[in-house]
Amino acid sequence: MAVAGALGAWSIAHVEPSDGTNASAPLDDAHVRRALADAAAPAHAAQPPRPQDGSAATGTSTPGIRESIRFQGGSAVVECHDGRIYLVSWSPAADFTLDEVSRGPAESAALRLDQVGGHTGDLTVTLRCTAAGYPVASVHREA
């Protein structure tokens, strides 16, 4: 049993990552900057640009732009595709509960959030896609 444990520890210490770096060596400044830049890149940066006239190439479908949006009252993951929005998922903040949802796909989607305790009013969050195809949210507080 001790031999198996020692063999396992040795094999883990000698495994090289597939990217050719040494897993036990510290990262230099260039590697750290590159890793931080990759992590900070916006999700929509990887999406191919849409044609200027809004059309897609024949026989292909333009991929949707999916982003996480934070707003007062919570957050949502939404996708814009061909001018229509779809609520993929949503999460109310700790002091709100979901009352109603209209997830699309449609020209707009909406969440109605009730505030726990009701001290400052409930929220209606309306989500839509911009002309460039990116999702935006507007929040309306109900008195």
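First things first, this report covers the structure right here in the doc. Because the structure is predicted, anything quoted here is derived from the model rather than measured.

1. Re the overall build of the chain
And then number 1: When you go through the chain residue by residue, the secondary structure sums to two helices and seven strands.
And then number 2: Element order for the chain, N to C, with α for helix and β for strand: α-α-β-β-β-β-β-β-β.
And then number 3: Looking at the 143 residues of the chain, the share that counts as buried comes to 19%.
And then number 4: Intrachain contacts of the chain at a sequence separation of at least 6 include 23% that bridge at least 24 residues.
And then number 5: Accessible surface for the chain amounts to roughly 9,800 Å². Of this, 57% is attributable to carbon and sulfur atoms.

2. Digging into the state of the cysteines
And then number 1: Scanning the entire structure with this criterion turns up one disulfide.
And then number 2: One disulfide in the model links Cys 80 with Cys 129; its S-S distance is 2.1 Å. On the sign convention where negative is left-handed, the bridge of Cys 80 and Cys 129, at about -105° about the S-S bond, is left-handed. Linking Cys 80 in strand 2 (residues 74-81) with Cys 129 in strand 6 (residues 123-129), this pair joins segments that are 49 residues apart in sequence.

Cut-off values and rules
- Residues numbered from 1 in each chain as written.
- Predicted model: local features only at pLDDT ≥ 70, side-chain atom pairs only at ≥ 80, totals over all residues.
- Heavy atoms only, no water.
- Helix = DSSP H or I, 4+ residues; strand = E, 2+ residues; numbered from the N terminus.
- Buried < 20%, exposed > 50% of the residue type's maximum accessible area, 1.4 Å probe, protein only.
- Contact = heavy atoms within 4.5 Å.
- Areas by Shrake-Rupley, 256 points an atom, 1.4 Å probe, with all protein chains shown as cover.
- Disulfide = S-S within 2.5 Å.

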